[in-house]
Structures are given as structure tokens and as C-alpha cells.
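So the chains spell out like this:
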Amino acid sequence: MFNPVEIIKLKRENRPIPKDSLTRFIKEYASGRIPDYQMSAFLMAVFLQGMTVEEMVTLVHSMRDSGKVLDLSDIDGFKLGKHSTGGVGDKISLVLAPLLASMGISIPMISGRGLGHSGGTLDKLESIPGLNPVVSLAKFKRVLKKVGFVISGQTDELVPADRRMYSLRDVTATIESIPLVVGSIMSKKLAEDLDGLLLDVKTGKGAFFRSQKDAIHLAKLLIQVGLDFGVETRALLTDMDQPTGCAVGNWLEVQEAIQCLRGEGPSDTMELVYSLGIVALRIAGDVDAPGEIVSKLQQSISSGRALEKFFAYVHELGGDTSVIEKDKRFPLPREHQVLSQKAGNLSAIDAYEIGMASCLAGAGRLRMEDDVDHFAGILLKKQVGEGVEIGEPLATFYTRKDIKPEIENQIRNAITISETPGKPVKPVRGEIDRNGRLMSFGI
Ligand code: URA
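Within every chain, residues take consecutive numbers counted from 1 along the sequence as written. In view of the model being predicted, local features appear only for residues whose pLDDT reaches at least 70, and side-chain atom pairs are presented and counted only at 80 or more, with totals across whole chains, interfaces and linings using the full set of residues. Calculation of side-chain values draws on the structure's entire complement of heavy atoms; hydrogens and water are dropped beforehand.

A. Region of the structure containing empty space enclosed by the protein. Of the grid points, spaced at 1 Å and generated over the protein atoms alone, those admitting a 1.4 Å probe that cannot get out make up cavities, while open sets with protein on both sides within 12 Å along at least five of seven lines make up pockets; any residue with an atom within 4 Å of a point is treated as lining. Grid points are joined across faces, edges and corners, and a volume is the space filled by probe spheres set on the points. All chains considered together, the criterion is met by two cavities of 30 Å³ or more. In this structure, the largest cavity occupies an estimated 340 Å³ of space. Labels follow the DSSP assignment, with helices taken as runs of H or I lasting at least four residues and strands as runs of E lasting at least two, numbered in each case from the N terminus. Looking at the lining of the largest cavity, the elements with two or more residues in it are β1 (80-84), α5 (92-101), β2 (107-111), α6 (121-126), α8 (160-170) and α9 (178-190). Residue contributions to the lining of the largest cavity peak at four residues, all from α9.

Below, the structure written as C-alpha cells:
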């Protein structure tokens, strides 16, 4: 008789789990026959004991097969997936997906919600009034065909195992586990019927894997699983010591993504978009020099084609395009300023602390059942490397909560002001090859 307790025990004692038992465990959980408390125990056992490569590959397979796998054979053109391992202020998917679609690449993207201190693409999209980013399989394909890209969530049809495990991990302190991250990311990506996959592997204070060594190990495993499944997979290692761009929080990030699609985004964010864009186009077969690829990406932005794609997607998913087209401002929650108490140079902005401050303001979940305040968040007024005077704004935050001093302190503590000039942070640390070597990458 199948007994979930035996599987939890095997993992607890670090003994191998037979392939069939692990597959059954995931299947039963996805269909609601194993309760959350048993899956929580299993997740913690994996977190503490790890998994063998064989178990991890079985996890990817069984999570992917907990739902349907897309068949996109009737969609023309190269089908590219993109995924980030998670960070603070990371709105790159909202820019890169329409940008690449405007250049003829099809982007089917299954994304997630906020995890821990990090933001989630679905929560960001839901801040657009009327937009429902969780669509049926039929609609997923229809929008992909019509617009050239689609971003949607896990559903009962698509990777239901990840839908449930993802939110459970968020509240059971089991996010930062390499096999669980590989299972979560690759089950979604391999359900997308891809020709190629671009991974943005984050490292630094605001990433799930702070140490570069761990992030590189994660990247190597993600690439190997992708290649083993026949998908051309490449990864950039990117910096998450400080938040990406100036906006942290769902609606604020959508607005910043639109600025990027107008070519007016913050320089670090645009550099990430172009760097990841180069790798994306290379995966799709472009052999031009990096400078030429960047020119093509810039043209798609300056012509307005990339932004048009974004509007078309918002329209198809029921979103109110007038709000974003006219850059209409919502009645945001009350605005509060964080003013500098010191003169000097900004030498660091701790992405983790800013992510937590944004969660405190209401932009993220502290418990599984929490509602997200889509309009809460933080706008950084200075970036690392800039000078600051006493009384100058460091950040603005928006919240409906009655904990203004706590949020203000959290933001203040995240920002280091020194006498010596800080060095601007380079957003891209390099490209990881399939053997886990870090190679230099420049644009
Ligand atoms: N992104 C995912 O989809 N899953 C994780 O576990 C982490 C980041």
C-alpha cells in the first residue's frame, strides 16, 4: 500500500526514494489526496537533506506531468522560455517578453507569484485593473498566437503541483533549496514546449542564493536539466545585491517596465534587458555581434513595436489599457518620504531589506492567505554610486498600513551612506556555461 509517511521518512533519513514512489507522491499531492501538512514535512526534509540528481530529475518530470504539457507545434517561429530565479524589483520579464515578441520570437511564459521577500510577475500583472493573468490552456495558446507572447500562472491544467508547492514553500521556510528550485522552475519551463530557454540566475543579498558559488551550482543544474530534455538552455548570472531599477512593488514596477518599453528605463534595468536580449536572440540563432543585436533591440523599442505588444497582451487578458497607455495615476496609498540624515555617497542598497520593507508596506505576502496590496511599494530616489545631501529624499514609499516608522526604518537601514564614493554595481556578472564555468559577458 502507498504510504506518504514512508516517503517522508526515507528523505528524513537521507535514503534514496524509488522513482515510482516519488512520482506517485507528487501526483497524489497535486490532485489533493496528500494534505499540505505531509507535503510541508517532505519539503523540509528535502530542504535539509537535499536530493540526488536522479531524484531531482524525477521531481522535475513528475511536477511537469502533474498537468498537461503544452503542444505548440502549430505555432510558427522559435519558441523561447525565460525565467528568473527571483529578486527584488525584477520586472525584466514584463519588458523582455513583449520586446522579443516584437522581433518575431514566440514567448510562452508560465510565471509565479511573489515568494518571500521577492516579487512575482503574476502579482505585478494583476495590478493592472481588470487583468487576469491565470488563463485556460486554450486561451494561453490563442493569446500566444495572436500577440506573440503570453504570461500566465500555474493552473489545475498547467503544472498544478508547482502551483501548490510554490505557495507552500513560501510559508514553510523551504524556498532556498536547490532541488526544489530546479523542480519548480524546470517543471514550468518544460511544460511550455520550448525550443530554447533563457535563465536569469540571480545572486547577492536579494537573491535566494546569496553566494555566487551556490548560484552557479544552481545555474549548472538548470542548464543540464534543460539540455537533457532537449531544450537549448543558457544562463546569465546577474547581480541582486541591490534592487533592479528604482521601483519595488507591483504597480510601481509595471510603470517602470512601461518606461523601459519606451526606452526611458533606469540604466541598470535597460542593461539587463539588452544583455538578456542578446542571449535570447543568440539562442534563437542570431549570429550578429552583440552591438548589432542591441541596435535591433533598441529599434524595436524606439519604433513603439515592443510597447504595442505589451498593450495587445494586456487587452487580450482583460486589462484596462487606457490606464497604462495614458500613464494614468491611480489613487496610490499615502506617499511617505525617507529623507537622508547624512551627507555622503550611496555605497550600498541591500536588496533583501528593501524587499522586506516592500512586503511590510503590503506589496508581498507574509502568510499564504494574505492579500497583496498591488499599489504598495517603494520608489528609490538614488542608486549606488550617487552622492546625497542631508534632507535629500532617499526613497518614497506607499502603504495603507499604520506602521510608517517600521517601514521607514527598514528602508533607512537598507541604505549605506559612506564618505568614500561607492562604485556603481554591474548588473551582469557573466554567463555560465554548461560545465558551471563563469565566463565574462559584456555588451
Ligand atoms: N522561481 C520559481 O519559479 N520557483 C522557485 O522556486 C524560485 C524561483
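From this point, the narrative continues.
B. Representation of the site of the ligand within the structure. Around the ligand, the neighbouring residues are H83, S84, T85, L115, Y166, R169, V181, S184, I185 and K188. The definition of a polar contact used here is a pair of N or O atoms within 3.5 Å, where within protein one atom must be able to donate a hydrogen and the other to accept one, and adjacent residues in sequence count solely through side-chain atom pairs. A distance of 2.6 Å separates a nitrogen atom of the ligand from a polar side-chain atom of S184. Only the protein chains shown count as cover for residues, and all accessible areas are computed by the Shrake-Rupley method using a 1.4 Å probe. Protein contact buries 97% of the 240 Å² of open area that the ligand shows by itself. Whether a molecule lies in a cavity or pocket depends on its atoms, and more than half of them have to be within 2 Å of the grid points. For the ligand, the cavity whose grid points lie within 2 Å of the majority of its atoms is the largest cavity. At the level of secondary structure, the elements contributing two or more residues to the shell around the ligand comprise β1, α8 and α9. It is α9 that provides the largest number of residues to the shell around the ligand, a total of four residues. A single heavy atom is enough: if one lies within 4 Å of a molecule or strand, its residue is considered near that molecule or strand.

C. Up close: unusual backbone geometry. Positive phi, normally seen in glycine, also occurs at N14, with a value near 55°. By secondary structure assignment, the location of N14 is in the loop between α1 (4-12) and α2 (19-30). Only protein chains enter the accessibility calculation, which uses a 1.4 Å probe; a residue is then buried when its area is under 20% of its type maximum, exposed when over 50%, and partly exposed in between. Here N14 falls in the partly exposed class, since its relative accessible area comes to 45%.

D. Focus on the nonpolar core. Among buried residues, those of type Ala, Val, Leu, Ile, Met, Phe, Trp, Tyr and Cys that are joined through side-chain atoms within 4.5 Å constitute a nonpolar core. In this structure, L100, F149, F310 and Y313 are the most contacted members of the largest nonpolar core, which totals 65 residues. When residues of this core are assigned to their parent elements, the largest contribution, ten residues, is made by helix α12 (residues 267-283). Setting aside residues up to four positions removed in sequence, L100 forms contacts with L80, I105, I107, A280, L281 and L297. Judged by nonpolar contacts, the second largest core, of 29 residues, contains L115, L197, A219 and A235. Note on contacts: a residue pair is in contact if any heavy atoms of the two residues lie within 4.5 Å.

E. Broad picture of the layout of surface pockets. The space that makes up the largest pocket amounts to roughly 250 Å³. The wall of the largest pocket is formed by 14 residues, among which R113, Q154, R163, Y166 and S167 lie closest to the centre. With four residues, the top contributor of residues to the lining of the largest pocket is α8. Across the lining of the largest pocket, the residue classes tally to six nonpolar, four polar and four charged. We call Asp, Glu, Lys and Arg charged. Ala, Val, Leu, Ile, Met, Phe, Trp, Tyr, Cys and Pro are nonpolar, and the rest, Gly among them, are polar.

F. Spotlight on helix α13 (residues 290-302). How far a helix is expected to stretch is found by multiplying one less than its residue total by 1.5 Å. Along its 13 residues, α13 runs 18 Å from first to last C-alpha, staying within 8% of the 18 Å computed at 1.5 Å per residue. If you follow the buried residues of α13, they end up packed against α5, α11 (250-261), α12 and α14 (305-316).

G. Fine view of the domain arrangement of the chain. Bear in mind that the domain bounds are from an automatic or database domain assignment. With domains assigned, the chain is organised as domain 1 (4-50), domain 2 (80-325) and domain 3 (334-418). Each of domain 1 and domain 3 has a C-alpha centre, and the two are 39 Å apart.

H. Geometry of the environment of K404. Take K404: it is sitting in helix α17 (residues 404-414). Owing to a relative accessible area of 34%, K404 belongs among the partly exposed residues under this scheme. Setting aside chain neighbours within four positions, we find K404 in contact with H336 and F397.

I. Region of the structure containing the packing of aromatic side chains. Aromatic rings from Phe, Tyr and Trp, with only the six-membered ring used for Trp, were paired whenever their centres fell within 6.5 Å, and each pair was classed as stacked if the ring planes differed by under 30 degrees, edge-to-face if by over 60, and tilted otherwise. Under the criterion given, the structure shown has three aromatic pairs. When the ring of F25 is compared with that of F42, the centres are 4.6 Å apart and the planes differ by 50°; the resulting orientation is tilted. Here the residue F25 occupies a position in helix α2, and F42 occupies one in helix α3 (residues 36-49), the gap between them amounting to 17 residues. Like F42, F25 is buried. Put simply, a charge is over a ring when the Lys NZ or the Arg CZ is close to the ring centre, within 6 Å, and near the line of the ring normal, within 35 degrees. In this structure, R210 is placed above the aromatic ring of Y352, and the distance from its NZ or CZ to the ring centre is 5.3 Å.

J. The arrangement of the pattern of salt bridges in detail. Salt bridges are identified by distance alone: a Lys or Arg side-chain nitrogen within 4 Å of an Asp or Glu carboxyl oxygen. Taken as a whole and assessed by the stated rule, the structure comprises 33 salt bridges. For D65, the salt bridge is made with R64, and the minimal N-O distance between the two is 2.9 Å. Between K145 and D74 there is a salt bridge, with its nearest N and O atoms 3.1 Å apart. Placement of K145 in helix α7 (residues 137-147) and of D74 in the loop between α4 (53-64) and β1 is noted, with a sequence separation of 71 residues between them.

K. Geometry of the pairing of strand β8 (residues 344-349). The criterion for strand pairing is that DSSP finds at least two bridges linking the strands in question. The pairing of β8 with strand β10 (residues 387-388) spans two bridges and is antiparallel. Residue G344 lies in a different strand from β10, and its bridge partner there is V388. For β8 and strand β12 (residues 415-418), the ladder comprises four bridges, and the chain directions are antiparallel. Residue pairing across strands places N345 opposite S418, the latter belonging to β12.

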